[in-house]
Amino acid sequence: MVNRQGSIILLGARGSGKTTVGRSLARATGRGFIDLDEILIERAGLSIAEIFKRYGQPWFRRLESRVLRDALRAASSRSLIIATGGGVVVRQVNRQWMKRAKHTCVYLKCDVAELHRRVAGDASSAMNRPALTGVSGIEEVSVLLGQREPHYVALADIVVDVSTLDTSSVVERVLAAVR
Ligand code: S3P
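Everything in this summary refers to the structure shown in the same document.

Analysis parameters
Residues numbered from 1 in each chain as written. Predicted model: local features only at pLDDT ≥ 70, side-chain atom pairs only at ≥ 80, totals over all residues. Heavy atoms only, no water. Near = heavy atom within 4 Å. Polar contact = N/O pair within 3.5 Å; in protein donor to acceptor, adjacent residues only side chain to side chain. Areas by Shrake-Rupley, 256 points an atom, 1.4 Å probe, with all protein chains shown as cover. 1 Å grid on protein atoms, 1.4 Å probe; cavity = no way out; pocket = protein on both sides within 12 Å on 5 of 7 lines; lining within 4 Å. Sits in = over half its atoms within 2 Å of the grid points. Nonpolar A, V, L, I, M, F, W, Y, C, P; charged D, E, K, R; others polar. Phe/Tyr/Trp six-rings, centres within 6.5 Å; stacked < 30°, edge-to-face > 60°. Buried < 20%, exposed > 50% of the residue type's maximum accessible area, 1.4 Å probe, protein only. Pairing = 2+ DSSP bridges. Helix = DSSP H or I, 4+ residues; strand = E, 2+ residues; numbered from the N terminus. Axes fitted to C-alpha atoms, helices over the stretch in contact; angles between N-to-C directions. Contact = heavy atoms within 4.5 Å.

Turning next to the site of the ligand. Around the ligand there are 14 residues in total, and K18, D37, R61, N128 and R148 lie nearest to it. The contact in question runs from an oxygen atom of the ligand to an N or O atom on the backbone of G87, over 3.4 Å. Relative to its free-state accessible area of 390 Å², the ligand is covered by the protein chains to the extent of 96%. Comparing atom positions with the cavity grids shows the ligand to sit within the largest pocket. In terms of residue class, the shell around the ligand is built from four nonpolar, four polar and six charged.

So this is what it looks like as structure tokens:
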């Protein structure tokens, strides 16, 4: 259900624009903004690539869960926009928390070729997007989306296909859906 006054959680694959759209949505609505990856990097004092290298993905996922739990708590006492990492739906407990929190979940849906183009063209990818599977490039994007999209869809109150949209058009669509 769309909660018109409440907090908004942005879901979607790497490169779907969660952070950029989130900042813009926060400005447009006067809500605060939280980016889970940013908080995680701050707490660990390391880039995501470095966290994976030193401690491995399971450690990263546990920290991601703690950061999510804290963000959801903050979002129940004031209206926030929360940009998640693409893998936030991997752990069942995260999905349960997001479902129970009853914030409005928005899935920024994007096609595989466009996701790959955006991630490959983003200078921060090397620091923040370590390899997650045995395959790479567009194949990895496709494998991950195949595994995760059912979860994004199941959680979403609103789905916006962002494949051909710029940031302001995505923000407009989200606002139209929550108003
Ligand atoms: C991940 C996505 C990244 C970041 C980390 C893991 C994933 O966030 O949390 O590299 O598992 O898809 P973005 O979706 O913001 O790139």
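Before going further, it helps to examine the packing of aromatic side chains. Any two aromatic rings considered together are summarised by their centre-to-centre distance and by the angle between their planes. Applying the stated criterion across every chain yields a total of three aromatic pairs. Judged by centre distance (5.0 Å) and plane angle (50°), the rings of F52 and F60 are tilted. For F52, a relative accessible area of 14% translates into the label buried.

Here we take up the sheet that holds strand β3 (residues 80-83). Pairing is parallel across the open sheet formed by five strands, whose spatial order is β2-β3-β1-β4-β5. Both edges of this open sheet fall to β2 (32-35) and β5 (158-161), since each of them pairs with a single strand only. For this sheet, the mean inter-axis angle between neighbouring strands, taken without regard to orientation, is 20°. Seen against the sheet, helix α4 (residues 57-77) touches β1 (8-11), β2 and β3 and runs at an angle of roughly 160° to β3.

By the element assignment, I138 lies in helix α8 (residues 137-155). Between the C-alpha atoms of I138 and L25, which are 113 residues apart in sequence, the distance is 29 Å. Not counting residues within four places of it along the chain, the set of residues in contact with I138 comprises V112, A113 and H116.

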